[in-house]
Amino acid sequence: MPVNRTSLLMAGASLIALIAQALMGAAMLHFFTPTAAGHFAVVAQVAFFWVTLALAQSPLQFLADAHLPPQRALRAALRASLLRWILLLPLVAAALWWSSPVLPLTTVVAWAGLLALLQMGWYLAQPWVLRTASPMSAACVRTAPPLLALALAAGLGMRGNADNATGLLAAAACGYAVGALWLLHGSRTDHPPQSAARQSDGRSALLRMAHAVMDAVAGVALVLAWQRQHGTADASYLAVLLRLFGLMPAIVHAAWSQVLLAQARPSRLKSLGVGMGAALVTGLIGLGSAAVLQTTLLAPTWQGLLPYILPIMLWQGSACIFAALSHRPFQQGLARRYSLLTIGFNIMQIMVLLAPLGWTPQVHLWWLAGLCTTGLLMLSAWMAK
């Protein structure tokens, strides 16, 4: 299937998956007690951090190494990821013990380990199917797990199990398990496309791990540091708008850059067009959000969102352009430099985030968003060369 049609299909699938995840959050608020939702959120966050480090960008490496036979590349990714998952187990257990979790330590570690393991299978199944099966199968593997988890959680809630965190964890585990089953699906072809000769991920395992760690730390530090410096309300404003405006960069990365890597197709001008189009949509989302805040649809306490809209809109708009071009370093033999530059960008972001200068939230956000916008556009310009 041509890349444009495949990208449209994957964009729709990514949007459905993101909506299902948002509805999962709404279902937890509607059907479950704060205690159950809180226990689930803690375990899910630990599992996500665990699997992020265990994978160390293995799905991206699998797509970038299109010159390798898919089965061989998948086996290598699975072996390395499982080894890291095992090696991280004592570290995760020690960190949880130090944080004094409300739930028993063995329960948290067991559920987090299971969710991380099943997520690993699902995250690797997505690029596997994208390379070896039809676009429709790739769309299904992306949408089925969050839709199944949503259905199971809502069904459990409607049956009156409002205080059952175990049910929520089981629903998520079933969804990830169904996604991991797609590892058994695919054409099993051992003939990579001829256009894949130059495309590869030449980064070392250590560099990929460092890149994954810095991405994870920057994401976690963003909300935690904001809450510490500016309070819970401002942290919620930041988190809500980043989730809303971050939809477009996530969709562009999944439906454009990953498809180009899977098909080993280079693109520059079209990628710039896709990124700018997504940035325009992000701007429209920002205008719509500002318009909604002028009405009485939301509680007055949400009026504090208004000063956050423009800087975050610019930040995530530039992230759309960056996401649309993120395949190019792997197609030009510049993957190592790409990781080093991205790690440097994350370090600068964390430095501005933690700057103890007594800024108001609005001033601090403009400094942070200004740095991120400038950095992402500079990285985009480098990738577009």
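Structure shown above.
Residues numbered from 1 in each chain as written. Predicted model: local features only at pLDDT ≥ 70, side-chain atom pairs only at ≥ 80, totals over all residues. Heavy atoms only, no water.

Student: Which residues make up the overall build of the protein chain, and what values do they have?
Tutor: Across its full length, the protein chain carries 15 helices and zero strands. Expected size for 385 residues packed as a compact globule is a radius of gyration near 21 Å; at 21 Å, the protein chain falls within 12% of this value. Dimensions of the protein chain along its principal axes, counting C-alpha atoms only, are 60 × 45 × 35 Å. Within the protein chain, the fraction of its 385 residues that count as buried is 50%. Within the protein chain, contacts between residues at least 6 apart in sequence are counted, and of these 85% link residues at least 24 apart. About 17,800 Å² of surface is accessible on the protein chain, with carbon and sulfur atoms providing 72% of the total. Positive and negative charge centroids in the protein chain, built from 21 and 6 side chains respectively, lie 10 Å apart. (Helix = DSSP H or I, 4+ residues; strand = E, 2+ residues; numbered from the N terminus. Rg over C-alpha atoms; globule rule 2.2 N^0.38 Å. Buried < 20%, exposed > 50% of the residue type's maximum accessible area, 1.4 Å probe, protein only. Contact = heavy atoms within 4.5 Å. Areas by Shrake-Rupley, 256 points an atom, 1.4 Å probe, with all protein chains shown as cover. Lys, Arg positive; Asp, Glu negative; His and termini not counted. Charge placed at Lys NZ, Arg CZ, Asp CG, Glu CD.)

Student: Describe the packing of aromatic side chains, and please don't skip the residues or the numbers.
Tutor: What the rule picks out here adds up to eight aromatic pairs. Members of the aromatic cluster, connected to one another through ring pairs, are Trp 122, Tyr 123 and Tyr 176. Sitting over the face of the ring of Phe 62, Arg 131 holds its NZ or CZ atom 4.9 Å from the ring centroid. (Phe/Tyr/Trp six-rings, centres within 6.5 Å; stacked < 30°, edge-to-face > 60°. Lys NZ or Arg CZ within 6 Å of the ring centre and 35° of its normal.)

Student: Describe the pattern of salt bridges, with residues and values.
Tutor: According to the stated counting rule, one finds one salt bridge in the structure shown. The partner of Arg 203 in a salt bridge is Asp 201, with the nearest N and O atoms 2.8 Å apart. For the pair shown, Arg 203 and Asp 201 are each scored as buried. (Salt bridge = Lys/Arg side-chain N within 4 Å of Asp/Glu carboxyl O.)

Student: Now, about the nonpolar core: what can you tell me, with residues and values included?
Tutor: Grouped together as the largest cluster of nonpolar side chains are 95 residues, with contacts concentrated most on Leu 115, Leu 238, Tyr 308, Ile 312, Trp 315 and Leu 368. Considering each element in turn, this core owes the most residues, 14 residues, to helix H5 (residues 105–132). Among residues more than four places away in sequence, those in contact with Leu 368 are Leu 222, Trp 226, Trp 315, Gln 349, Val 352 and Leu 353. If you look at the next biggest cluster of nonpolar residues, it comprises nine residues, including Ala 278, Ala 279, Cys 320 and Ala 324. (Core = buried A, V, L, I, M, F, W, Y, C linked by side-chain atoms within 4.5 Å.)

Student: Account for helix H8 (residues 205–230), with residues named and values stated.
Tutor: Residues spaced three or four apart along an α-helix point in a common direction, a consequence of the helix completing one turn every 3.6 residues. For H8, spanning 26 residues, the distance from its first C-alpha to its last is 37 Å, which sits close to the expected 38 Å at 1.5 Å a residue. Where H8 bends most, at Ala 221, the angle is about 30 degrees. Looking at H8, one finds that the buried residues are Leu 207, Arg 208, His 211, Ala 212, Met 214, Ala 216, Ala 218, Ala 221, Leu 222, Ala 225, Trp 226 and His 230. Residue Gly 231 follows H8 closely and has a positive phi angle near 100 degrees. (Expected span 1.5 Å × (residues − 1). Bend = angle between axes of the 7 residues up to and from the residue.)

Student: Account for unusual backbone geometry, naming residues and giving values.
Tutor: Located in the positive-phi region is Ala 56, a residue other than glycine, with phi close to 50 degrees. Within the secondary structure, Ala 56 sits in the loop between helix H2 (34–55) and helix H3 (58–64). By relative accessible area, Ala 56 is classed as buried at 0%. You will see that Gln 57, though not glycine, has its phi angle at about 65 degrees, which is positive. Checked against the element boundaries, Gln 57 lands in the loop between H2 and H3. Classification of Gln 57 by relative accessible area gives buried; the value is 16%.

This is a description of form; function is not addressed.
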